[in-house]
Amino acid sequence: MRTCHEFITGRRCHSRLLSTSTMLYSSLVATITLLYLLYRRFRRRISISHVRGPPAASWLYGNWVELLEAPAAETDFRWHAEYGNVIRVKAPLGEDRLMISDPKAMQYIYHTASYRFNKPGGRRSLTRSLFGPGLSTVEGDDHRRARKIMVPGFGAPEARTYLPIFFGTAGKMAQKWQDLIAAEASQTTVVSMPWWVARATLDAIGEAAFDYQFGALDDSRNALAEKYTNLIFNLHGLPTKGSILSVGIMEQIPMAVLQFILKYLPPRRMLLARGAAELSTEVSKTLVEQKTAALMADKGRRDIMSLLVKANYSENPNTRLEEKELIAQMNIIILAGHETTANTLSFAIYESCKQPEIQRRLRAEIRSMGKTGADFTSSDFDNMPYLTAVVKETLRFHPIVYNTARVAIGDEVLPLLDPVTTDTGEVLTELPIPKGTKVITSIAAYNRHKTIFGDDAHVFNPDRWLRNDLPKTAVPLGVYGNLFTFIGGARSCLGWRFAVLELQAFLVELFGKFEFEFAGTVDDFRREASILMVPTLKSTRSKGCQLPVRIRMARNDEA
């Protein structure tokens, strides 16, 4: 039997060995990364070093601290105002990248040559390691096949069938708010808007996409809802210099090395996200089994998941998804399908608090229809121009995915709508870029392009959508209102119709019944950069998504 001293000594030796091993491994990764960067830099025949851009604070961090520590997209706006629509920025370890908002260059990358520009390996590997090989993590033929299989579940007729679900979920949340108001002597109550709408949209996506009751609104301690609460913020929010450098390195090292690191030496933040991914995968597996059994019993439904399971029994292998792909699609739909809509709703309500006239006009239009809740149809929405204007303006002004990135898999030449003047004074109407160039598309900056959306593009103004001259669409890009919020081309958001109808239903239900008042101060409000744009308060940023809103019942006699 080992003595206590031997045991402790052994533990210490083992600890020292692990520490030494980790240090050696980290040094090896750093060495491989630097050698890889040098190899790529010296083999390039084309350079983007002559493109103008902001000076880097350091070689180690590049411009990334300035970019990621600021409120979401604020640095984008400043750089684009100073340097134009095509900017060279420095990533960590001195790598040159482009940041663009030029419509013609964007059209080329996302429409014309979409399969010649892949998503960067770092982000893809991170998402894939958590949620599996979903549509957002595959490229080339795998992406074409998966998208073709999924498209039928996201068409306009399918989206319209989900409208009663959206109204039902919004109505359930509204009733709970009414109960809270009734219990207060003041006949008002303050709610945390992101907490409520995230649970409501999670329930809506569960029922519409999977015919499954998540029950997030009914159970304040719902396991799935708790795992997803602040998930994106916890994974990417409040970046330290160390995490910024880690992300920079992650996006530059070879995929095989990165996948090894994520599997055996995952970052601490990733461990926090694994709980949500594991629970989501567990639910997904159960649903696949249930949908398969229902299909075998000829009791299949028309929800998205049932359509995907049905496609798996096709005789054509090109129209089938492997089980791991099916589960990954569900994981991504759960995350993307509720988080983005919930934050968009929060921002819409915040803007209406800043401009109460928006609430009054929206409520007047809703009441003029002479209908309530589930009586509304998508055709009614077509006859509600101010509702549509508020939805479009919220999507324009607060794009939850405020930037996205691509990497050129070969040498390319980007066409430009607006000529670029280089550091040497040369004026370019097209820009050659070398293989491996990473291009950040600032969706937020494009959505405030003054030529397209007007001179007041930096002002939240739904009335711009009621004018006939905007947006100006010399270069068609997006799937909705020429916005790039849902991206465009072969990688446009499949669920954009789903999202727009859900936003419209929730706004009709909520603004038809309630008045809203921001319970904080405008100066304390912040759009947090957490890969996704989320609402927070400067004074309590560490608490994650926050938007305290005072609600009261709307007056029936309001004009």
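Bear in mind the structure is a predicted one, so any value in this text is a computation, not a measurement. (Residues numbered from 1 in each chain as written. Predicted model: local features only at pLDDT ≥ 70, side-chain atom pairs only at ≥ 80, totals over all residues. Heavy atoms only, no water.)

Participant: Describe the pairing of strand 12 (residues 548-553), listing the residues and the values that go with them.
Facilitator: As paired strands, strand 4 (residues 188-192) and strand 12 are joined by five bridges and run antiparallel to one another. Directly across from Val-191, in strand 12, lies its bridge partner Val-549. Where strand 9 (residues 514-518) meets strand 12, five bridges bridge the pair, whose relative direction is antiparallel. Along strand 12, the bridge assignment pairs Phe-516 with Ile-551. (Pairing = 2+ DSSP bridges. Helix = DSSP H or I, 4+ residues; strand = E, 2+ residues; numbered from the N terminus.)

Participant: So what about the nonpolar core? Which residues, and what values?
Facilitator: Leu-98, Trp-177 and Phe-516 are the most contacted members of the largest nonpolar core, which has 146 residues in total. Top contributing element to this core by residue count: helix 16 (residues 323-354), with 14 residues. Apart from residues no more than four positions distant in its own chain, Trp-177 is found in contact with Val-191, Met-193, Trp-196, Leu-510, Phe-514, Phe-516 and Ile-551. In terms of nonpolar packing, the next biggest core, distinct from the first, is built from 14 residues, Tyr-61, Trp-79, Leu-93 and Met-99 among them. (Core = buried A, V, L, I, M, F, W, Y, C linked by side-chain atoms within 4.5 Å. Buried < 20%, exposed > 50% of the residue type's maximum accessible area, 1.4 Å probe, protein only. Contact = heavy atoms within 4.5 Å.)

Participant: Run through the sheet that holds strand 1 (residues 86-90), naming residues and quoting values.
Facilitator: Reading across from one edge, 1-2-8-5-3 is the order of the five strands in this open sheet, with mixed pairing throughout. This sheet does not close on itself; its edge strands, each paired only once, are strand 1 and strand 3 (117-118). Relative to strand 8 (residues 438-442), strand 5 (residues 403-408) runs antiparallel, the two being bridged by five bridges. By the bridge assignment, Asn-403 is partnered in strand 8 with Ser-442. The strands touched by helix 3 (residues 74-83) are strand 1, strand 2 (96-100), strand 5 and strand 8; relative to strand 1, the strand with the most contacts, the crossing angle is about 125°. (Axes fitted to C-alpha atoms, helices over the stretch in contact; angles between N-to-C directions.)

Participant: Could you give an account of the pattern of salt bridges, with specific residues and numbers?
Facilitator: Per the stated rule, a full pass over the model turns up 29 salt bridges. Lys-176 is paired through a salt bridge with Asp-218; the nearest N and O atoms lie 3.9 Å apart. Of the two residues, Lys-176 sits in helix 8 (residues 163-182) while Asp-218 sits in the loop between helix 9 (193-210) and helix 10 (223-228), which places them 42 residues apart along the sequence. Put simply, Glu-95, Arg-97, Arg-123, Glu-251 and Lys-438 are held in one network by salt bridges that share partners. (Salt bridge = Lys/Arg side-chain N within 4 Å of Asp/Glu carboxyl O.)

Participant: Any details on helix 22 (residues 496-513)? Residues and values, ideally.
Facilitator: Look at helix 22: 26 Å from first C-alpha to last across 18 residues, which is about the 26 Å you get at 1.5 Å a residue. The element helix 22 is largely enclosed, with a buried count of 16 among its 18 residues. (Expected span 1.5 Å × (residues − 1).)

Participant: Tell me about the packing of helix 14 (residues 268-296) against helix 15 (residues 304-311), and name the residues and values.
Facilitator: Where helix 14 contacts helix 15, the axes come no closer than 9 Å and their chain directions differ by 65°. Compared by their axis directions, helix 14 and helix 15 come out roughly perpendicular. Handedness of the helix 14/helix 15 crossing: right-handed. Judged by residue contacts, Val-288, Lys-291, Thr-292 and Leu-295 of helix 14 engage Met-305, Ser-306, Val-309 and Lys-310 from helix 15. Per-class residue counts for the contact of helix 14 with helix 15 are four nonpolar, two polar and two charged. (Parallel < 35°, antiparallel > 145°, perpendicular 65-115°, else oblique. Left-handed = near helix turned anticlockwise from the far one by under 90°. Nonpolar A, V, L, I, M, F, W, Y, C, P; charged D, E, K, R; others polar.)

Participant: Outline the packing of helix 17 (residues 356-368) against helix 19 (residues 385-397), listing residues and values.
Facilitator: Where helix 17 meets helix 19, the axes come as close as 8 Å, and the angle between the chain directions of the two elements is 140°. Overall, the two elements helix 17 and helix 19 adopt an arrangement that is oblique. Listed contacts from helix 19 to Ile-358, Arg-361, Leu-362 and Glu-365 of helix 17 are Pro-385, Tyr-386, Leu-387 and Val-390. Of the residues belonging to the contact of helix 17 with helix 19, the class tally is six nonpolar, no polar and two charged.

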